[in-house]
Amino acid sequence: MTERLAVVGAGAAGAAATYALRDDPVEVTVFEKSRGVCGRAATRRKDDCVYEYGANYLKPGDDRVTDLVTEELSTDGLVDIAEPVYAFAADGDITPGRDADEHKWTYEAGITQLAKRLFGATDATVENEVRVEVLDRRADGWRVVDSEGTDRGDYDVVLLTPPAPQTADLLGQAAWDHDDCRALRQTVASVPYRTVVAGVLHYDFTLDVPWYGAVNADKAHDVGWVSREECKRGHVPDGESLLVVQMNESWSVANYDRRPETLVEAIAERAAALVGDDRLTDPDWTDYQHWRYSQPEGEVDHDALAGARDHDLYFAGDWVAGEGRIHAALRSGLDVAADIAGR
Ligand SMILES: Cc1cc2nc3c(=O)[nH]c(=O)nc-3n(C[C@H](O)[C@H](O)[C@H](O)COP(=O)(O)OP(=O)(O)OC[C@H]3O[C@@H](n4cnc5c(N)ncnc54)[C@H](O)[C@@H]3O)c2cc1C
């Protein structure tokens, strides 16, 4: 018998789960609140530039995921960033030494290709710009209702993949009269998240530095990460630079509500001081993003999550894997698909 599965979230985890179920008798409908797919592994375009303003790249942190990306999916346009990742501490001195990642993958057309290719290999229906708001427990399965109050249909199984705080909100709003629901919601809500404000700074000149990116190892600098999108093939026209600057947690929280103009100005000043190049205070265009729930920083109680399976409810995502990385989210999606297929 074909089961109907509703996947909430078209990020790496939702895409991997959908992909892994492509040959199973499961009819998958994916609901995604934003216009695109791939969630926090996010790409934008402007003035002939392509840039990742969330996750910077995928690393080979899991063999199954590496096989998926390098063998199962098309490798057309797959980019492996050659330049190294350097490190800096509170003093802002950028030095070699933190290039722990054997490969640093993205795609010429942007990292969102990952989810696009995974969904593209399936017959799943992906409904963009649909924010799921209420999960209504029925005798058999769940009814999904969106934020407009529209009934989005009945499903045998639901898979939730939003970041833990948003998943906890969905559990809080669920029409589900069950003793375990409250405890489950509290368990999910307890996963701590890092907040990151990111600035994107474009220049019509190139930078003469040997690194692709630099990470603040001691978390004592205002800047947490800086990288050059021009090191990713197909991202930035020759002769230009595009810096992605992710600020550390304390700076991001303190400046979260600042007006965009002064926010980006402050980020550019800090990037210029860090790289040691005054010209960087004056980008010719900028962009920014607030990531309230950037990456999980704690473990979730897996037993509590497993109990929900008896109620046709499953979870996946980086917070389920316990690591705020794309490969971990993908792996979590593949794993939950095996659980759903084996029901
Ligand atoms: C600034 C930043 C830098 C990072 N750098 C790296 C890096 O360099 N390398 C790396 O491996 N990882 C990095 N990460 C982490 C990586 O992006 C995540 O671990 C991974 O993308 C998580 O995937 P996911 O599917 O678990 O969640 P998400 O990508 O968050 O997907 C969940 C999806 O659910 C959707 N959603 C939420 N609520 C609803 C709702 N009610 N209805 C419908 N849809 C909903 C969201 O819009 C989203 O698309 C970074 C993240 C950030 C923010």
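Quick caveat: nothing in here was measured; it's all calculated off a predicted structure.

Novice: How should the overall build of the protein be read in this particular structure?
Specialist: A count of helices and strands for the protein gives 10 helices and 18 strands. Counting only C-alpha atoms, the protein reaches 65 × 40 × 35 Å along its principal axes. Within the protein, buried positions represent 54% of all 343 residues. A fraction of 72% describes how many contacts in the protein between residues 6 or more apart in sequence connect residues 24 or more apart.

Novice: Honestly, the sheet that holds strand β11 (residues 151-155) in this entry has me stumped. Any pointers?
Specialist: The pairing of strands in a sheet comes from backbone hydrogen bonds and takes either a parallel or an antiparallel form. Reading across the sheet, the three strands line up as β9-β10-β11 and stay open at both edges, with antiparallel pairing between neighbours. The open sheet has two free edges, formed respectively by β9 (132-137) and β11, since each of these has just one partner strand. Averaged over all pairs of adjacent strands, the angle between their axes in this sheet comes to 20°, without regard to strand direction. Judged from the three bridges that link them, strand β10 (residues 142-146) and β11 form a sheet pairing that is antiparallel. Bridging across to β11, R143 finds its partner in D154.

Novice: How do you make sense of the domain arrangement of the protein when you look at a structure like this?
Specialist: Interfaces are often sized by the amount of accessible area the parts lose when they come together. For the protein, the assigned domains read domain 1 (3-41 + 115-192 + 299-341) and domain 2 (81-104 + 193-296). Facing the 13 residues of domain 1 at the interface are seven residues of domain 2. Summed over both sides, the interface between domain 1 and domain 2 buries roughly 790 Å², with carbon and sulfur atoms accounting for 60% of that surface. Ranking the residues of domain 1 by area buried against domain 2 places R40, P165 and P192 at the top, with a combined share of 54%.

Novice: Looking at this model, I keep getting lost on the sheet that holds strand β17 (residues 285-296). Mind explaining?
Specialist: The strand order β6-β14-β15-β16-β13-β17 describes an open sheet built from six strands, whose pairing is mixed. Looking at the sheet topology across the chains shown, the edges are occupied by β6 (85-88) and β17. Adjacent strand axes in the sheet meet at a mean angle of 20° when their direction is disregarded. In terms of strand pairing, β6 meets strand β14 (residues 213-216) through four bridges, oriented parallel. In the strand pairing of β14, A87 is matched with V215. Against the sheet, helix α7 (residues 260-275) makes contact with β6, β13 (193-203), β15 (223-228), β16 (241-247) and β17, and its axis sits at roughly 80° relative to β13, the strand it touches most.

Novice: In this structure, what is going on with the site of the ligand? I would like to understand it.
Specialist: The environment of the ligand is made up of 33 residues, and the closest members are E32, R40, Y57, D318 and I326. A distance of 2.8 Å separates a nitrogen atom of the ligand from a polar atom in the backbone of Y57. Between the ligand and D318 there is a distance of 2.7 Å, counted from an oxygen atom to a side-chain nitrogen or oxygen. Summarising the interface, the protein chains cover 96% of the accessible area of the ligand, which totals 1,000 Å² for the free molecule. Examining the composition of the shell around the ligand, we find that three residues originate from one element, β17, more than from any other. Of the residues contributing to the shell around the ligand, the split by class is 15 nonpolar, 12 polar and six charged. Summarising the domain contributions, the shell around the ligand has at least three residues from each of domain 1 (3-41 + 115-192 + 299-341) and domain 2 (81-104 + 193-296).

Novice: Which parts of the structure should I look at to understand the pattern of salt bridges?
Specialist: Where charged atoms from two side chains of opposite charge approach closely, those side chains can pair. Scanning the model with the defined rule gives 22 salt bridges in all. Linking R64 and E72 is a salt bridge whose minimum nitrogen-to-oxygen distance equals 3.0 Å. With a relative accessible area of 32%, R64 lands in the partly exposed category. The network of salt bridges with shared partners includes E3, R137, D312 and R343.

Novice: Explanation requested: the side chain of T106 in the structure shown.
Specialist: In this fold, T106 is placed in strand β7 (residues 105-107). Owing to a relative accessible area of 1%, T106 belongs among the buried residues under this scheme. Reaching out from T106, the side chain makes a polar contact with the side chain of E52 at a distance of 3.4 Å. Residue contacts for T106: discarding those within four places in its chain leaves E52, G77, L78, V79, I111, K232 and H235.

Novice: Could you clarify how one ought to interpret the packing of aromatic side chains in this entry?
Specialist: One pair of aromatic rings is described through two measures. These are the centre distance and the angle between the planes. The final tally for this structure, using the stated rule, is 10 aromatic pairs. Centre to centre, the rings of Y203 and F205 are 5.3 Å apart; their planes meet at 40°, and the pair counts as tilted. With respect to class, Y203 is no different from F205; both count as buried. By way of ring pairs, the aromatic residues Y57, Y212 and W225 are connected into one cluster. Taking NZ or CZ as reference, R44 lies 3.8 Å from the ring centre of Y53, over its face. Here the basic side chain of R279 rests over the ring of F205, its NZ or CZ set 4.0 Å away from the ring centre.

Novice: Can you walk me through the pairing of β15 in this structure?
Specialist: The two faces of a sheet get side chains in turn, since along a regular strand they alternate between them. When you tally the buried positions in β15, you get six out of six residues, the bulk of the element. Taken together, the three bridges between β14 and β15 define a ladder with antiparallel strand orientation. Within β15, the residue paired with G213 across the bridge is S227. Connecting β14 to the next strand, β15, in antiparallel fashion are six residues, including K219 with a positive phi near 55°. Relative to β16, β15 runs antiparallel, the two being bridged by five bridges. Its bridge partner lying in β16, W225 is registered against Q246.

Parameters at a glance
- Residues numbered from 1 in each chain as written.
- Predicted model: local features only at pLDDT ≥ 70, side-chain atom pairs only at ≥ 80, totals over all residues.
- Heavy atoms only, no water.
- Helix = DSSP H or I, 4+ residues; strand = E, 2+ residues; numbered from the N terminus.
- Buried < 20%, exposed > 50% of the residue type's maximum accessible area, 1.4 Å probe, protein only.
- Contact = heavy atoms within 4.5 Å.
- Pairing = 2+ DSSP bridges.
- Axes fitted to C-alpha atoms, helices over the stretch in contact; angles between N-to-C directions.
- Domains from an automatic or database assignment.
- Buried area = accessible area lost by both parts, 1.4 Å probe.
- Near = heavy atom within 4 Å.
- Polar contact = N/O pair within 3.5 Å; in protein donor to acceptor, adjacent residues only side chain to side chain.
- Areas by Shrake-Rupley, 256 points an atom, 1.4 Å probe, with all protein chains shown as cover.
- Nonpolar A, V, L, I, M, F, W, Y, C, P; charged D, E, K, R; others polar.
- Salt bridge = Lys/Arg side-chain N within 4 Å of Asp/Glu carboxyl O.
- Phe/Tyr/Trp six-rings, centres within 6.5 Å; stacked < 30°, edge-to-face > 60°.
- Lys NZ or Arg CZ within 6 Å of the ring centre and 35° of its normal.

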